[in-house]
Amino acid sequence: NRAAEKIFGVNRELNLRKSSAALLSGVCDPNTKRPVMSPNLPFHQTIVTERPVDSKEFLLKRPDGKEFYIQISTSPFFGEDNILAGTLGILIDVTNRRRLEETLTQRNLQLSAINRIATLLNRTIDFREVLEYSVRQTMDIFTGDAAAAPAPAFRESTI
């Protein structure tokens, strides 16, 4: 269908003879980004168990290099005499949701660091201690960018 063409980045007319296994060869574990072997895919699990498989999330690496996060749910369907005839799969592109979740996680880490710095500010008036602690928190949260720049030289001033 058209949605599958869009998700997999294929043209229906050119790929009519491709098997589902060929299309699913780009399905990877979202954490390790390694390909998922067929027995670990919901389609195979549904065939083996003859039971539905609830939503599982995967990374899809397309031949054109684009990556998408997809959610796959499968259900068996039965033919005559209640014999398994195949599986019905529902694939949903969840890339935007996944990116939003990652952004929220990063923001939560940042807010948590700001909260810890504010707590320290409430406990001490030692400028150097607050500065050193703040730099450590920043380095922990903001990848190598904040740590890569040399720290500015500060002089204590009297008022």
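These figures come from a predicted structure and were not determined experimentally.

Participant: Would you mind showing me how to read the pairing of strand 3 (residues 67–78) here?
Facilitator: In the case of a regular strand, side chains alternate between the two sheet surfaces. Alignment of strand 2 (residues 53–61) against strand 3, held across seven bridges, turns out to be antiparallel. Residue pairing for strand 3: Leu 60 is matched across the bridge by Phe 68. In sequence, strand 2 turns back onto strand 3 through a hairpin of five residues, with Gly 65 there showing a positive phi of about 95 degrees. Looking at chain direction, strand 3 and strand 4 (residues 84–93) are connected through nine bridges and run antiparallel. Directly across from Phe 77, in strand 4, lies its bridge partner Gly 86. In this antiparallel pair of consecutive strands, strand 3 and strand 4, the connection spans five residues, and Asp 81 shows a positive phi of 55 degrees.

Participant: Is there a simple way to explain the environment of Leu 131 in this structure?
Facilitator: Relative to the helices and strands, Leu 131 is located in helix 5 (residues 127–141). Leu 131 gets classed as partly exposed once you look at its relative accessible area, which sits at 26%. When the C-alpha atoms of Leu 131 and Leu 121 are compared, they prove to be 9.9 Å apart, with 10 residues separating the residues in sequence.

Calculation rules
Residues numbered from 1 in each chain as written. Predicted model: local features only at pLDDT ≥ 70, side-chain atom pairs only at ≥ 80, totals over all residues. Heavy atoms only, no water. Pairing = 2+ DSSP bridges. Helix = DSSP H or I, 4+ residues; strand = E, 2+ residues; numbered from the N terminus. Buried < 20%, exposed > 50% of the residue type's maximum accessible area, 1.4 Å probe, protein only.

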